[in-house]
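Results of the structural survey
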Amino acid sequence: MPIDYSQKIPNNVNLAGDRRLQRALEQWQPGFLDWWMEMGPIGFQNREVYLRTATSVDAQGWATFGHVRMPEYRWGIFLAEPEPERKIAFGAHRGEPAWSEVPGEYRAALRRLVVTQGDTEPASVEQQRHLGATSPSLYDLRNLFQVNVEEARHLWAMVYLLHAHFGRDGREEAEALLRRRSGDSDNPRILGAFNEPTPDWLAYLMFTYFTDRDGKYQLASLAESAFDPLARTCRFMLTEEAHHMFVGETGVGRVVKRTCELMREHDTDAVGRFGGIDLKLIQKYLNFHFSVSLDLFGSELSTNAANYFTMGLKGRFNEESRDDDHRLDTAQYAVERPVEGRIERCEGPALLALNETLRDSYVVDSARGVARWNKIIRDAGVDFELRLPHRGFNRKIGDWSALRITPQGEIVSTAEWDAHAGEWLPTREEREFVGSLMRPVTEPGKFAGWIAPPARGINHQPIEFEYVKS
Ligand code: BYC
Ligand code: FE
Ligand code: FE
């Protein structure tokens, strides 16, 4: 079904054919817009931004680009096309037809997953709302806003499921999603990383590289769900997610490139006085955002994850291409864990290790972009290598959180950790320094001195295009 843009809420789920649901969502819509005006990007709500709007949901889907004011962005409900006769690919119900409704016995668990996923989306918009004031270019400003409107649409995606499939408690959860606030001590967002501030553009670029990538892996797991509406909505969200990670990978790459240029030009590692960000400091930001994002996968061994899998609610990354029984009745999986002061690989039931299995895929994927950043450094003739820290470093969730682990993966005492933390994570002074570089550049085609221009513009437009009109 094509997307119907004539409706108050654009959709491809024939909302007009279900008046009760349509009315309920139309009642939620003003609250959403209030939230967007209150917690969305500060200072740019009246500006025209060159945004992409989805106009089709197939994988090669094309999109329309044009200048729009963000509050007029057509947030809507877009599900990937159904797969005819789709069968459940894993768990106790493997081989049975996928569900179009929520089975009563799985309602609470499924609602929890949908709410947790939905909560991260507005949280990220809240975390990034003040960045517009210090954008390094109009190109970057536009990308920030593209990410923001799409994350807000991801909230719509989950709210649709709550309204359409979870009755009254679903509607209450949809309201609560508009009430929680990132970093609020009374009513915070659900997951840790989404309550951290995103104080500057380097933090934001790292966030879109590392934290949006958690989104990719979680959405891909939910895209396997036996609950077909969830699977289809996540499949479409993943096509939007690709751009968010592109912003992160190319953005950090451009910072790295600029730093290397300054290093060559001034023949020094310390580029701070020339308005750049030292590679060592980039490494510290990387350490922080990688470790915080690893926490988002949950504990190494998790009965929640095992239950979600067996129930058919949340699968593995690329579930169908895996060569096993897809039930994990007897399968084993090796997990790296701290055991009595040593780090060991322990075999255990694969079913319990699903969070770690997903984290493993994420770590491999994360390393690919780091390798591309290192190529930029090598090509500039600079002798330095960025590295992912050990997975136990700076963890707050799971087995590692009880210990202090260096980026190299050594177990150390709390005293030793505290003495060295400033070498591994950005210090307050360093964050202040990066903050001091964040001065807005608003002339089309111009870029702040700490970041290189991109290789090309958006949608074949030139780099000096007026991506955000004044
Ligand atoms: N912070 O069995 P465990 C995205 C809780 S990002 C706080 O280890 P489980 C995006 C947990 O709830 C993708 N609490 O965990 C990116 C549990 O509580 P109970 C978001 C945490 O349940 C950028 C207890 O600790 N999507 O889309 O297996 C921009 C023990 O938990 C945390 C999803 O997360 C934490 N980090 O797994 C915008 C998908 N971790 O039961 C958007 C849906 C764990 O003791 N969520 N806890 O009360 C899930 O699949 C699971 O909830 C999790 C946790 C993977 C997050
Ligand atoms: Fe999202
Ligand atoms: Fe995202």
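Below is a summary of the structure that appears in this document. (Residues numbered from 1 in each chain as written. Chains lettered and ligands numbered in written order. Predicted model: local features only at pLDDT ≥ 70, side-chain atom pairs only at ≥ 80, totals over all residues.)

1. Quick look at the overall build of the protein
Scanning the protein for helices and strands turns up 11 helices and 6 strands. Taken along its principal axes, the extent of the C-alpha atoms in the protein is 65 × 60 × 40 Å. Across the protein, every contact between residues at least 6 apart in sequence was considered, and the portion connecting residues at least 24 apart equals 69%. (Helix = DSSP H or I, 4+ residues; strand = E, 2+ residues; numbered from the N terminus. Contact = placed C-beta atoms within 7 Å.)

2. Focus on the site of ligand 1
Neighbouring residues of ligand 1: 25 residues in total, closest G215, G298, S299, S302 and N304. For the shell around ligand 1, the secondary structure elements donating two or more residues are α2 (107-127), α5 (201-222) and α8 (303-311). Sorting elements by how many residues they give to the shell around ligand 1 places α2 first, with 6 residues. Class assignment of the residues belonging to the shell around ligand 1 gives a composition of 6 nonpolar, 13 polar and 6 charged. (Near = placed C-beta within 6 Å. Nonpolar A, V, L, I, M, F, W, Y, C, P; charged D, E, K, R; others polar.)

3. Focus on the nonpolar core
As a rule of thumb, nonpolar side chains are buried together in soluble globular proteins. In terms of nonpolar packing, the biggest core is built from 113 residues, with V159, L202, M206 and V255 touching the most fellow members. For this core, the element with the highest residue contribution is helix α3 (residues 138-165), accounting for 17 residues. If we ignore the near neighbours within four places in the chain, the residues touching V159 are W28, G118, A174 and L177. (Core = buried A, V, L, I, M, F, W, Y, C linked by C-beta atoms within 7 Å. Buried ≥ 20, exposed ≤ 12 C-beta atoms within 10 Å, placed from the backbone.)

4. Examining the environment of I77
The residue I77 is located in the loop between β2 (63-69) and α2 in this model. Put simply, I77 and H154 are 77 residues apart on the chain and 8.9 Å apart in space, counted from C-alpha to C-alpha.

5. Let's talk about the environment of Q127
Position of Q127 relative to the elements: it lies in helix α2. Separated by 30 residues in the primary sequence, Q127 and P97 place their C-alpha atoms 40 Å from one another. Apart from the residues within four sequence positions on either side, Q127 is in contact with S182, F194, P197 and T198.

6. Things to note about α2
The end-to-end C-alpha distance of α2, which contains 21 residues, comes to 30 Å, matching closely the 30 Å that a straight helix rising 1.5 Å per residue would cover. Across the 21 residues of α2, 15 count as buried, placing the element largely inside the fold. (Expected span 1.5 Å × (residues − 1).)

7. Concerning the packing of α2 against α3
Running from amino to carboxyl end, α2 crosses α3 at an angle of 155°, the nearest separation of the two axes being 8 Å. In terms of orientation, α2 lies roughly antiparallel with respect to α3. For the pair α2 and α3, the crossing hand works out as left-handed. The residues of α3 that touch α2, namely those facing V114, Q117, G118, E121, P122, S124 and V125, are N148, E151, A152, H154, L155, M158, V159, L161 and L162. Tallied by class, residues from the contact of α2 with α3 come to 9 nonpolar, 5 polar and 2 charged. (Axes fitted to C-alpha atoms, helices over the stretch in contact; angles between N-to-C directions. Parallel < 35°, antiparallel > 145°, perpendicular 65-115°, else oblique. Left-handed = near helix turned anticlockwise from the far one by under 90°.)

8. Structural notes on unusual backbone geometry
At H326, a position not held by glycine, the phi torsion is positive, near 60°. Tracing the backbone shows H326 in the loop between α8 and β3 (332-339). Using a count of 19 C-beta atoms within 10 Å as the deciding quantity, one classes H326 as partly exposed. With a phi close to 60°, L328 is a non-glycine residue in the positive phi region. With respect to the helices and strands, L328 occurs in the loop between α8 and β3.

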